[in-house]
Amino acid sequence: MTAQLIDGNALSKTLRAEVATRAAALKARGVVPGLAVVLVGENPASQVYVRNKVKACEDSGLHSVLEKYPADLSEADLLARVEALNNDPAIHGILVQLPLPAHIDAQKVIEAIAPAKDVDGFHVASAGALMTGSPGFWPCTPYGCMKMLESIGYELRGKHAVVIGRSNIVGKPMALMLLAKSATVTICHSATADLGAMTRQADVVVAAVGKRNVLTADMVKPGAVVIDVGMNRNDEGKLCGDVDFAGVREVAGWITPVPGGVGPMTITMLLVNTIEAAERTAAASAT
Ligand code: NAP
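Residues numbered from 1 in each chain as written. Predicted model: local features only at pLDDT ≥ 70, side-chain atom pairs only at ≥ 80, totals over all residues. Heavy atoms only, no water.

**Quick word on the pattern of salt bridges**
What the rule picks out here adds up to nine salt bridges. One salt bridge connects Asp-59 with Lys-55, and the closest N-O pair in it is separated by 2.8 Å. Linking Asp-59 with Lys-55, this pair stays in helix H2 (residues 44–59), spanning four residues, or about one helical turn. Judged by its relative accessible area of 48%, Lys-55 falls in the partly exposed class. (Salt bridge = Lys/Arg side-chain N within 4 Å of Asp/Glu carboxyl O. Helix = DSSP H or I, 4+ residues; strand = E, 2+ residues; numbered from the N terminus. Buried < 20%, exposed > 50% of the residue type's maximum accessible area, 1.4 Å probe, protein only.)

Here it is in structure tokens:
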């Protein structure tokens with residue numbers, strides 16, 4: 001069997017067109033949806049990420065503001081900038097690009113973002129909302145994975161999903177989202193005794209580790225859906241995921257490629273969260 005591809009670029013195109021339509025509808029009501037992206041320091045990867053995010057906003061008709069600060073910006077000054085953005089009516093979503101320089105407490109900065117503008121979904125209020133099934137913002141990467149499963153019409157109810165990785169931004173929220181859809185969820189991590197014994201039981205595997213070839217063909221149940229969140233470099237310096245793509249695609253039923261899978265979906269869900277934030281604000285001010 002050769003797995004079918006879940007194409008993150010194609011799905012992103014569809015979802016971004018929907019965002020553009022929603023943005024146009026808001027603009028017709030006098031509301032221009034706005035995202036502020038805050039970058040501190042010169043991290044080259046972060047610079048690429050923020051550039052892509054700002055461009056994606058522009059392409060979908062969202063207003064975006066990129067605030068760049070030197071690496072020696074003080075924590076107090078960054079917190080003051082976040083507070084100013086919290087109070088700026090033209091800004092509906094705030095994203096502080098991580099990682100931050102070591103002298104800044106990243107969690108403190110995230111907690112300073114107003115939950116109504118937390119389009120990255122990292123605030124503790126957003127995490128609590130996801131855990132309790134209340135309205136909030138879902139972290140973009142696992143939210144994008146859920147959209148990919150939805151796009152193939154996959155019914156999660158009663159299925160066994162194995163998530164490899166337990167970070168606050170991918171693994172844990174991913175597990176909660178799958179649970180909310182009534183999958184039976186196993187979370188694996190670096191201390192899992194026999195990873196293959198877990199993944200071989202899985203109807204769905206989400207790999208979010210950051211190491212090449214964490215998931216190989218012998219670890220996958222025939223026909224399973226494999227979502228590869230990982231972003232690594234292979235020996236030739238090319239982008240690759242956590243999954244041995246060539247081997248696993250011969251066993252799995254569905255698979256996401258790297259590049260062109262979860263990566264574009266992450267930015268797309270940022271746009272979706274931002275338009276959602278703007279719509280909520282507009283609805284609240286209309287009542
Ligand atoms: P992270 O915070 O480093 O977490 C990695 C997780 O993998 C940890 O929970 C760790 O376990 C677990 N792990 C490490 N080695 C393992 C092993 N051999 N077997 C099983 N589990 C193992 O990373 P992250 O932020 O979640 O990101 C994970 C990957 O996704 C990275 O490659 C990152 O670049 C990528 N990513 C991609 C996107 C995208 O848009 N495509 C977005 C976000 C992240 P412990 O908790 O026990 O240490």
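**A look at helix H7 (residues 171–180)**
Of the positions making up H7, those classed as buried are Gly-171, Pro-173, Met-174, Ala-175, Met-177 and Leu-178. On its buried face, H7 sits against helix H5 (124–132), helix H6 (140–151), strand S5 (160–164), strand S6 (184–188) and strand S7 (204–207). Positive backbone phi, at 70 degrees, marks Ser-182, one or two positions downstream of H7. (Contact = heavy atoms within 4.5 Å.)

**Observations concerning the environment of Glu-67**
Note that Glu-67 resides in strand S3 (residues 63–69). We classify Glu-67 as buried; its relative accessible area is 10%. Dropping the residues within four chain positions of it, Glu-67 is found in contact with Val-37, Val-38, Leu-39, Arg-81 and Leu-85. Looking at Glu-67, its side chain comes within polar contact range of the side chain of Tyr-69, at 2.5 Å. (Polar contact = N/O pair within 3.5 Å; in protein donor to acceptor, adjacent residues only side chain to side chain.)

**Quick word on the domain arrangement of the protein chain**
Partitioning the protein chain into domains gives domain 1 (30–114) and domain 2 (140–263). Each of domain 1 and domain 2 has a C-alpha centre, and these two points are 29 Å apart. (Domains from an automatic or database assignment.)

**Remarks on H2**
Spanning 16 residues, H2 covers 23 Å between terminal C-alpha atoms, matching the ideal 22 Å at 1.5 Å per step. Every buried residue of H2 is accounted for by Ser-46, Val-50, Lys-53, Val-54, Ala-56 and Cys-57. Here the buried residues of H2 occupy an arc of 160 degrees about the axis, which is enough to place them on one side. Set apart from the buried face of H2 by more than 90 degrees, the exposed residues are Pro-44, Arg-51, Glu-58 and Asp-59. Lining the buried residues of H2 we find helix H1 (8–28), strand S2 (34–40), S3, strand S4 (93–96) and helix H10 (262–286). Downstream of H2 by one or two residues, Gly-61 has phi in the positive range, about 80 degrees. (Expected span 1.5 Å × (residues − 1). Arc of directions from axis to C-beta.)

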